[in-house]
Amino acid sequence: MMGYRIFLAGASGAIGSRLTPLLHSAGHYVCGSTRSEAKAGVLRSLGADPVVVDVFAATALSRAVAAARPDVVIHQLTDLPKNLEPRLMAQAIPRNARIRSEGTRNLVRAAIAAGARRLIAQSIGWAYAPGPEPHAESDPLDADAEGDRGITLRGVIALEELTLQSPPLAGIVLRYGQLYGPGTHSAQPSNLSPVHVDAAAHAAVLAITRGGPGAYNIAQPNQHIATEKARRELGWNADFRIAEENA
Ligand SMILES: NC(=O)c1ccc[n+]([C@@H]2O[C@H](COP(=O)([O-])OP(=O)(O)OC[C@H]3O[C@@H](n4cnc5c(N)ncnc54)[C@H](OP(=O)(O)O)[C@@H]3O)[C@@H](O)[C@H]2O)c1
């Protein structure tokens, strides 16, 4: 397979740090971002060409994305406390929503200006409006939610609209369930709609070449969200794991 040029925003995160070696070993060129000079060496050791940039610094971001000349931009940015520590979550919710709205807007502009063709973005699988389960991707999102959930939902809706409605980019939204596994807050699957971080990363690899524009639920078989679409259109399998000697 011909390798693609990938700009991976959030290469140092829970998903990003599993995704980077997968992309590298699949033969892709990966330019991976972090805000921290100190993490550049780690990203290099995972197989990325590191770039230190904040998604809110729009001009610097555009410059970094343009320099990578990406075919595909992958957005794995979140801003959550390690271990989702409850004490820190109240402040994290608006920060995370800002990454999704303003951060995604900056990334979309940078991707289009750089001539990228596809944008793959991380969303969540628990943003559906109340209704019969399991939710298919065509079910409405919970746009009327209030309080903290309302803040999160406005961020999610902005991220998804920007990803799916920014021609000429082909947008793919990956609605991940609750992550578990290395580098996440949990070693064990949740009892909602869990997804192992390796399988989550693999969905982003598959979405580079497979799947039409749109949203995909990414989780183990569960009763809350339907996952047939990802299996059918991306060829995704929830059992995917990175062999430890490669991790
Ligand atoms: N679906 C889910 O269940 C789900 C999804 C995501 C995260 N989580 C949980 O959240 C916790 C933290 O996860 P994490 O380490 O991936 O999240 P994180 O620390 O919030 O970081 C994610 C990525 O976003 C980057 N980032 C954050 N703000 C940025 C900004 N302003 N500009 C540019 N890059 C920015 C980080 O880069 P830096 O190197 O600059 O920090 C990192 O690469 C874990 O417990 C994880 O399991 C759960």
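Residues numbered from 1 in each chain as written. Predicted model: local features only at pLDDT ≥ 70, side-chain atom pairs only at ≥ 80, totals over all residues. Heavy atoms only, no water.

Details of the overall build of the protein chain
Part 1: Scanning the protein chain from N- to C-terminus turns up seven helices and nine strands.
Part 2: Relative to its length of 247 residues, the protein chain is compact, with a C-alpha radius of gyration of 17 Å against a globular reference of 18 Å.
Part 3: For the protein chain, the C-alpha atoms occupy an extent of roughly 45 × 40 × 35 Å along the three principal directions.
Part 4: Of the contacts made within the protein chain by residues no fewer than 6 positions apart, 65% connect residues no fewer than 24 positions apart.
Part 5: For the protein chain, the accessible surface area stands at approximately 11,200 Å², while carbon and sulfur atoms represent 52% of it.
Part 6: Charge-centre separation for the protein chain: the mean point of 24 positive side chains lies 6 Å from the mean point of 22 negative side chains. (Helix = DSSP H or I, 4+ residues; strand = E, 2+ residues; numbered from the N terminus. Rg over C-alpha atoms; globule rule 2.2 N^0.38 Å. Contact = heavy atoms within 4.5 Å. Areas by Shrake-Rupley, 256 points an atom, 1.4 Å probe, with all protein chains shown as cover. Lys, Arg positive; Asp, Glu negative; His and termini not counted. Charge placed at Lys NZ, Arg CZ, Asp CG, Glu CD.)

As for the pairing of strand 1 (residues 5–9)
Part 1: Along strand 1, four of the five residues are buried, which leaves the element largely enclosed by surrounding structure.
Part 2: Of the pairings in the sheet, the one linking strand 1 to strand 2 (residues 29–34) comprises four bridges and is parallel in character. In the strand pairing of strand 2, R5 is matched with Y29.
Part 3: Taken together, the four bridges between strand 1 and strand 4 (residues 72–75) define a ladder with parallel strand orientation. Looking across to strand 4, one finds that F7 is bridged to V73. (Buried < 20%, exposed > 50% of the residue type's maximum accessible area, 1.4 Å probe, protein only. Pairing = 2+ DSSP bridges.)

Some remarks on the nonpolar core
Part 1: Ranked by internal contacts, the top residues of the largest apolar core, which has 35 residues, are L23, I74, I120, L174, I218, L234 and W236.
Part 2: Among the secondary structure elements, those contributing two or more residues to this core are strand 1, helix 1 (16–25), strand 4, strand 6 (170–176), helix 6 (197–206), strand 9 (214–218) and helix 7 (228–234).
Part 3: In terms of residues, this core owes the most to one element, helix 6, which gives eight residues.
Part 4: Leaving out residues up to four positions away in the same chain, L234 has contacts with L174, A203, L206, A207, R210, G211, Y216, I218 and K229. (Core = buried A, V, L, I, M, F, W, Y, C linked by side-chain atoms within 4.5 Å.)

Here's the deal with the site of the ligand
Part 1: In the neighbourhood of the ligand, 29 residues make up the surrounding shell, with S12, A14, T34, R35 and H185 lying closest.
Part 2: The backbone of G177 places a nitrogen or oxygen atom 3.0 Å from a nitrogen atom of the ligand.
Part 3: For the shell around the ligand, the residue count by class is twelve nonpolar, twelve polar and five charged. (Near = heavy atom within 4 Å. Polar contact = N/O pair within 3.5 Å; in protein donor to acceptor, adjacent residues only side chain to side chain. Nonpolar A, V, L, I, M, F, W, Y, C, P; charged D, E, K, R; others polar.)

Let's talk about the pairing of strand 2
Part 1: Among the six residues that make up strand 2, five are buried, leaving the element largely enclosed by the rest of the structure.
Part 2: Between strand 1 and its parallel partner strand 2, the chain crosses via helix 1, and the hand of that crossover is right-handed.
Part 3: In this structure, strand 2 lies alongside strand 3 (residues 49–52), joined through four bridges in parallel fashion. Bridged to T34 within strand 3 is V52.
Part 4: Handedness of the crossover joining strand 2 and strand 3 through helix 2 (residues 40–46) is recorded here as right-handed. (Right-handed = clockwise from strand over helix to strand, strands pointing away.)

Topic: the confidence of the model for the protein chain
Part 1: Here the protein chain shows a mean pLDDT of 96. Residues at 70 or above account for 98%.
Part 2: Across the protein chain, element-level confidence peaks in strand 9 with a mean pLDDT of 99 and bottoms out in helix 4 (residues 86–113) with 96. (pLDDT = per-residue confidence, 0-100.)

Description of the sheet that holds strand 2
Part 1: If you trace the seven strands from one edge of the open sheet to the other, you get 3-2-1-4-5-6-9, paired in parallel fashion. Sheet topology places strand 3 and strand 9 at the edges, where each strand pairs with a single neighbour. The sheet shows a mean angle of 20° between the axes of neighbouring strands, taken without regard to direction.
Part 2: Sheet contacts for helix 1: strand 1, strand 2 and strand 4; angle to strand 1, the most-contacted strand, approximately 170°.
Part 3: Each of strand 4, strand 5 (118–124), strand 6 and strand 9 is contacted by helix 6, which is oriented at about 170° to strand 6, the strand it contacts most. (Axes fitted to C-alpha atoms, helices over the stretch in contact; angles between N-to-C directions.)

Describing the pattern of salt bridges
Part 1: Applying the stated criterion to the full structure yields eight salt bridges.
Part 2: The residue R95 makes a salt bridge to D79 at a minimum N-O spacing of 3.0 Å. Residue R95 is located in helix 4, and its partner D79 is located in the loop between strand 4 and helix 4; the two are separated by 16 residues in the primary sequence.
Part 3: Judged by its relative accessible area of 14%, D79 is buried.
Part 4: The salt bridge involving R87 is made with E85; its shortest N-O contact spans 2.7 Å. (Salt bridge = Lys/Arg side-chain N within 4 Å of Asp/Glu carboxyl O.)

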